[in-house]
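What follows is the residue order along each chain.
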Amino acid sequence: MNDPLLSGKKILLGVTGGIAVYKAADLCSKLVQAGAQVDVILTEAATKFVSPITFSALSGRPARVDMWSEGSGQPIPHVQMAAAADLVIVAPLSANTQAKLALGLADNLLTATLLATHVPWVLAPAMESHMWANPATQAHAATLRSRGAVQVGPAEGRLASGAVGVGRMAEPVEILAAARRVLARDGPLAGRRVVVTAGGTQEPLDPVRYITNASSGKMGVALAAAATDLGADVTLIHAPLAVAAPYGVACVRVRTAQQMCDAVLERLAQTDILIGAAAVADFRPAAAATQKIKKVSSEEELTLRLVRNPDILAEVAGRRAETGRPAVVIGFAAETQDLLANAAAKLTAKRLDLIVANDVTEPGSGFGADDNRVTLLFADGRQEALPLMDKREVAWRVLQEATALLQHGRDA
Ligand code: CTP
């Protein structure tokens, strides 16, 4: 799947001197793999650590260093590169270049180009911890932040000197995530709050055993990522997940259906869009034993008494009838038979705006899989069957519909 945010974007990647340049090569590669066009400018100091050829090879475009030997039909490359860029990333950012940027100096190709840009800067400082702690460095960092630059890191950890302290460059995935957040901030869900539930709840039997289901949480994680890409403030309320939660999402980890229900209801008044993608246990053991349940040799059977859990989306429907919040509520229906009839019944019973129905018995689709074949059923009676697609694409489609429903509600 194409990266909806980075694909086709023109990124200007500045690389300054420091041992972390090896991570900048990885960042460059990740940006290119996401479909971005990456133009790299290195400072003279950066070339002491790595050759520009590394970045030319990774980006498929000439990596530049020198202001004066450009030629190649580009008389003023810094102005042209600055005008073309959608986003600037400087990683690693040395104390020296940070100071120059804060002061507005333009004494090399990188600083001259950055001075001519009118797009956001994502800065990943990396330096020895005493240099970072120095009041001059701190003041320059604060100046750049106050002008709107987004600073990622530096992190605490082992530094090139062998010492441990604050100064390590943030990891490429974090810088990439920060860049994606910056690109998303004018998206259609900017300023909107989206809550997504994900994962299979666990209902304890005793301290070491629980009842759960086969949900991996992949669909919910993909929904949270897609909502973030559209600019929303996203909270992921999740039971244990088999995949990592996306960067930039506020995570609330829960275990049981009751905990998930409490976490959802607590946030309801501030939520614009709620998406219930969690596989919530409908029943829990009547009482969780405080000690491990022992088997008694004379007994061949063990009977468990289960009691009903709250239906989270039904609780939401009740409150929403009074407050009108959340504006949009979307559910999922995981079915093994009579897919559309069962999904339609849940759409009505839980008073949803949209239900995403999927037959979990279909090969390559449903629990744990990377793909999903779903049908969208809307409260107004519309239905749309989508082909088998990557869960991230399904998420993107669902979020587009959620955005339209939110917009429609505002216009109505
Ligand atoms: N759901 C919920 N609370 C529950 C059970 C389900 O909020 N206690 C939500 C799920 O997150 C999903 C939708 O309701 O968005 C449908 O879940 P599903 O498990 O398919 O259906 P159930 O309502 O549990 O009905 P059944 O188990 O009878 O199919």
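Keep in mind it's a predicted model, so treat the numbers as computed, not measured.

J.: Sorry, what's going on with the sheet that holds strand β16 (residues 328–335) here?
T.: Whenever strands of a sheet pair, they do so through backbone hydrogen bonds, lying parallel or antiparallel. An order of β12-β11-β8-β13-β16-β17-β19-β20 is seen for the 8 strands of this open sheet, with the pairing classed as mixed. The open sheet has two edge strands with one neighbour each: β12 (250–253) and β20 (383–385). Between one strand axis and the next, the sheet turns through 15° on average, direction left out of account. Sheet topology note: the strand β11 (residues 233–238)/β12 ladder contains 4 bridges and is parallel.

J.: Looking at this structure, I do not really get the sheet that holds strand β1 (residues 10–15). What am I missing?
T.: Reading across the sheet, the 5 strands line up as β2-β1-β3-β4-β5 and stay open at both edges, with parallel pairing between neighbours. Where the open sheet ends on each side, the last strands, each with one partner, are β2 (37–42) and β5 (150–151). For β1 and strand β3 (residues 87–93), the ladder comprises 4 bridges, and the chain directions are parallel. Each bridged residue has a counterpart across the sheet, and for Leu-13 the counterpart in β3 is Ile-89. Where helix α4 (residues 95–103) meets the sheet, it contacts β3 and β4 (121–125), and its direction lies at approximately 140° from that of β3. Sheet contacts for helix α8 (residues 172–184): β3, β4 and β5; angle to β3, the most-contacted strand, approximately 155°.

J.: Looking at this structure, how should I read the pattern of salt bridges?
T.: When their charged atoms lie close together, side chains carrying opposite charge are able to pair. Tallied over the full model, the rule gives 20 salt bridges. In this structure, Arg-397 and Glu-384 form a salt bridge, with 3.2 Å as the shortest nitrogen-oxygen distance. Taken together, the residues Arg-397 in helix α13 (residues 391–411) and Glu-384 in strand β20 connect sequence positions 13 residues apart. In this structure, a network of salt bridges that share partners links the residues Asp-3, Arg-180 and Asp-229.

J.: Hey, could you run me through the site of the ligand in this one?
T.: Lining the immediate surroundings of the ligand are 14 residues, of which Gly-276, Ala-278, Phe-332, Lys-346 and Lys-350 lie closest. Within the contact set of the ligand, an oxygen atom lies 2.6 Å away from a backbone nitrogen or oxygen of Gly-276. One of the backbone nitrogen or oxygen atoms of Ile-312 is found 2.9 Å away from a nitrogen atom of the ligand. Protein contacts shield 77% of the accessible area of the ligand, which totals 570 Å² for the unbound molecule. Mapped onto the shell around the ligand, the elements with two or more residues apiece are α11 (312–323) and β16. By residue number, the principal contributor to the shell around the ligand is β16, which donates 4 residues. Within the shell around the ligand, the residues separate by chemical class into 8 nonpolar, 2 polar and 4 charged.

J.: Just to check I follow, could you spell out the state of the cysteines for this structure?
T.: A disulfide bridge is the covalent bond that connects two cysteines by way of their sulfur atoms. Counted by the stated rule, this structure contains 0 disulfides. Residue Cys-251 stays outside any disulfide, its sulfur separated by 19 Å from that of Cys-261, the closest cysteine.

J.: Teacher, can you tell me more about the nonpolar core here?
T.: Within soluble globular proteins, side chains that are nonpolar generally end up buried alongside one another. Ranked by internal contacts, the top residues of the largest apolar core, which has 36 residues, are Leu-223 and Leu-399. Of all the secondary-structure elements, those providing two or more residues to this core are β8 (193–198), α9 (218–229), β11, β13 (273–276), β16, β17 (354–359), β19 (374–378) and α13. Counting residues in each nonpolar core, the second largest holds 35 residues, with Phe-55, Ala-126, Ala-170 and Ile-175 among its members.

J.: Looking at this structure, I do not really get the packing of helix α10 (residues 257–267) against α11. What am I missing?
T.: To characterise two packed helices, one gives the angle between the axes of the helices and the distance between these axes. The interhelical angle for the contact between α10 and α11, taken along N-to-C directions, is 25°, at an axis separation of 10 Å. Taken as axis vectors, α10 and α11 run roughly parallel relative to one another. α10 and α11 meet at a crossing whose hand is right-handed. Contact with α10, carried on its side by Ala-257, Met-260, Cys-261, Val-264 and Leu-265, involves Ile-312, Glu-315, Val-316 and Arg-319 of α11 and no other residues of that element. Classifying every residue of the contact of α10 with α11 by side-chain character gives 7 nonpolar, no polar and 2 charged.

J.: Before we go on, may I ask you to explain the domain arrangement of the protein chain in this structure?
T.: Frequently, the measure chosen for interface size is the accessible area that the parts lose on association. The assigned domain composition of the protein chain is domain 1 (10–183) and domain 2 (193–287 + 303–411). On a C-alpha basis, the centres of domain 1 and domain 2 stand 39 Å from each other.

The rules behind each value
- Residues numbered from 1 in each chain as written.
- Predicted model: local features only at pLDDT ≥ 70, side-chain atom pairs only at ≥ 80, totals over all residues.
- Heavy atoms only, no water.
- Pairing = 2+ DSSP bridges.
- Helix = DSSP H or I, 4+ residues; strand = E, 2+ residues; numbered from the N terminus.
- Axes fitted to C-alpha atoms, helices over the stretch in contact; angles between N-to-C directions.
- Contact = heavy atoms within 4.5 Å.
- Salt bridge = Lys/Arg side-chain N within 4 Å of Asp/Glu carboxyl O.
- Near = heavy atom within 4 Å.
- Polar contact = N/O pair within 3.5 Å; in protein donor to acceptor, adjacent residues only side chain to side chain.
- Areas by Shrake-Rupley, 256 points an atom, 1.4 Å probe, with all protein chains shown as cover.
- Nonpolar A, V, L, I, M, F, W, Y, C, P; charged D, E, K, R; others polar.
- Disulfide = S-S within 2.5 Å.
- Core = buried A, V, L, I, M, F, W, Y, C linked by side-chain atoms within 4.5 Å.
- Buried < 20%, exposed > 50% of the residue type's maximum accessible area, 1.4 Å probe, protein only.
- Parallel < 35°, antiparallel > 145°, perpendicular 65-115°, else oblique.
- Left-handed = near helix turned anticlockwise from the far one by under 90°.
- Domains from an automatic or database assignment.

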